[in-house]
Amino acid sequence: MIEVRGLTKRFGDVLAVDDLSFDVEPGKVTGFLGPNGAGKSTTMRMMLGLDRPTAGRALVNGRSFATLAEPLREVGALLDPGSLHPGRTGRSHLRVAARANGIPQRRVDEVIEQVGLGSAARRRIKGYSLGMRQRLGIAAALLGDPRVLLFDEPINGLDLDGVRWIRGLLRSLADEGRTVLVSSHLMSEMEQTADRLVVIGRGRLIADATTGEILRGLGHRQVRVRTSQPDELLARLGEHGLTAQRLDGHELQVEGGTAEDVGELANAFSIPLHHLSEVQQSLEAAYLELTGDSVEFHGGVRQPVHTTEAAL
Ligand SMILES: Nc1ncnc2c1ncn2[C@@H]1O[C@H](COP(=O)(O)OP(=O)(O)OP(=O)(O)O)[C@@H](O)[C@H]1O
Ligand SMILES: [Mg+2]
């Protein structure tokens, strides 16, 4: 369990994390989403005691990281896979970490096995591919068999196999009852991985809900309905506070309610329905809608080229 309360971090003029409060519950994969510079890494660093909050607190299992007796046994983290000693082998890297934290050496071979590093564990890290580095970083996070795990952008730069592997690993860790927080700016990935989403932009909380709730567009869901009596249904929907527009002869698009609302209403007035469905907004679209105002670094937008008769 992680509890974040009023967490704030200021770097000079930059308010990197702005009064964040949310919980990360055990047994679930929680996606931590936000555009570049949103404050995801800074928040995770504060959870791990690597950055000191300007205000507020982040508690792991009810305590601040600094007061945990055996931190590596309570919380494991994958932050920056670049910060590995290139001359060491993967295995010796893990052995050093285990020794420094009073973790039995047999765990080293267990986690090497668990992340599928295999014989590569005996090669030097400088020859590792990005995917191998990522696996080694995850092995280090798992070393103390912690109940709480933080992964900062673990799928960055991985190929499809690597992405699938991480997805499965996160799921199995959560199924074991662990608390799993995984950051990403990739909606499409989180859509398939996370049970809950905490969405931030410019350091502030934008949404904290199940992935399903966010997918349904946080109240922006749309219902499509086809009926032989579109005028009648249009009028009844309007009377009941739902906005609807006509798409073609017999099809309506409804906003402000669920498929159940529309179906019950039609039934109450004996209006026959030929089709009824909820249109799922993709998480990508929901996310852009949520974070649209908070994207700090927009890509340059090319001006459209106009050709006019005068120019020809
Ligand atoms: N040590 C630091 N000194 C000054 N500013 C910092 C420092 N660390 C982060 N920042 C600033 O804080 C803000 C949040 O950065 P952070 O790295 O937490 O974002 P992020 O959500 O992890 O982004 P990304 O998706 O790019 O990893 C940014 O504006 C960043 O420039
Ligand atoms: Mg980051």
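Criteria and thresholds
Residues numbered from 1 in each chain as written. Chains lettered and ligands numbered in written order. Predicted model: local features only at pLDDT ≥ 70, side-chain atom pairs only at ≥ 80, totals over all residues. Heavy atoms only, no water. Axes fitted to C-alpha atoms, helices over the stretch in contact; angles between N-to-C directions. Helix = DSSP H or I, 4+ residues; strand = E, 2+ residues; numbered from the N terminus. Parallel < 35°, antiparallel > 145°, perpendicular 65-115°, else oblique. Left-handed = near helix turned anticlockwise from the far one by under 90°. Contact = heavy atoms within 4.5 Å. Nonpolar A, V, L, I, M, F, W, Y, C, P; charged D, E, K, R; others polar. Near = heavy atom within 4 Å. Polar contact = N/O pair within 3.5 Å; in protein donor to acceptor, adjacent residues only side chain to side chain. Areas by Shrake-Rupley, 256 points an atom, 1.4 Å probe, with all protein chains shown as cover. Pairing = 2+ DSSP bridges. Expected span 1.5 Å × (residues − 1).

Moving on to the packing of helix α3 (residues 90-100) against helix α4 (residues 106-114). Where α3 meets α4, the axes come as close as 9 Å, and the angle between the chain directions of the two elements is 135°. On the basis of their axis angle, the class for α3 and α4 is oblique. By crossing handedness, the relation of α3 to α4 is classed as right-handed. Of the residues in α4, those in contact with Arg91, Leu94, Arg95 and Ala98 of α3 are Val108, Asp109, Val111 and Ile112. Split into classes, the residues belonging to the contact of α3 with α4 amount to five nonpolar, no polar and three charged.

Interaxial distance between helix α5 (residues 130-142) and helix α6 (residues 160-175) falls to 12 Å at its minimum, and their mutual angle equals 10°. Between α5 and α6, the interaxial angle falls into the category roughly parallel. Each of Gln134, Arg135, Ile138 and Leu142 in α5 lies in contact with α6, whose residues at this interface are Trp165, Ile166, Leu169 and Leu173. Split into classes, the residues belonging to the contact of α5 with α6 amount to six nonpolar, one polar and one charged.

Neighbouring residues of ligand 1: Phe11, Val14, Ala16, Pro35, Asn36, Gly37, Ala38, Gly39, Lys40, Ser41, Thr42 and Glu153. The backbone of Ala38 places a nitrogen or oxygen atom 3.1 Å from an oxygen atom of ligand 1. Glu153 places a side-chain nitrogen or oxygen 3.5 Å from an oxygen atom of ligand 1. For ligand 1, whose accessible area on its own is 640 Å², the fraction buried by protein is 61%. Contributions of two or more residues to the shell around ligand 1 are made by β2 (14-24) and α1 (40-47). Ranked by residue count, the leading element in the shell around ligand 1 is α1, at three residues. A breakdown of the residues in the shell around ligand 1 according to their chemical character gives five nonpolar, five polar and two charged.

This part covers the sheet that holds strand β3 (residues 29-33). The strand order β5-β6-β7-β3-β8-β9 describes an open sheet built from six strands, whose pairing is mixed. Edge positions in the sheet fall to β5 (75-78) and β9 (204-210), since each of these pairs with one other strand and no more. Direction aside, neighbouring strands of the sheet carry axes that sit 15° apart on average. As paired elements, strand β8 (residues 196-201) and β9 share six bridges and run antiparallel to each other. Considered in β9, the bridge of Arg196 is made with Thr210. Strands in contact with α1 are β3, β6 (148-152), β7 (179-184) and β8; relative to β7, the strand with the most contacts, it is inclined by about 150°.

The next subject is the sheet that holds strand β12 (residues 251-255). Taking strand neighbours across the sheet as the criterion, the four strands line up as β11-β12-β10-β13 in an open arrangement whose pairing is antiparallel. Across the chains shown, the open sheet's two edge strands, defined by having one partner strand only, are β11 (243-248) and β13 (273-279). Between one strand and the next, the sheet's axes are offset by a mean angle of 20°, whatever the strand orientation. Most of the contacts of helix α10 (residues 259-268) go to β13, to which it runs at about 160°, and overall it touches β10 (222-227), β12 and β13.

Quick look at α5 now. Under the 1.5 Å per step criterion, the end-to-end length of α5 is 18 Å for 13 residues, consistent within 8% with the ideal 18 Å. Looking at the packing, one finds that the buried side of α5 touches β5, α3, α4, β6 and α6.

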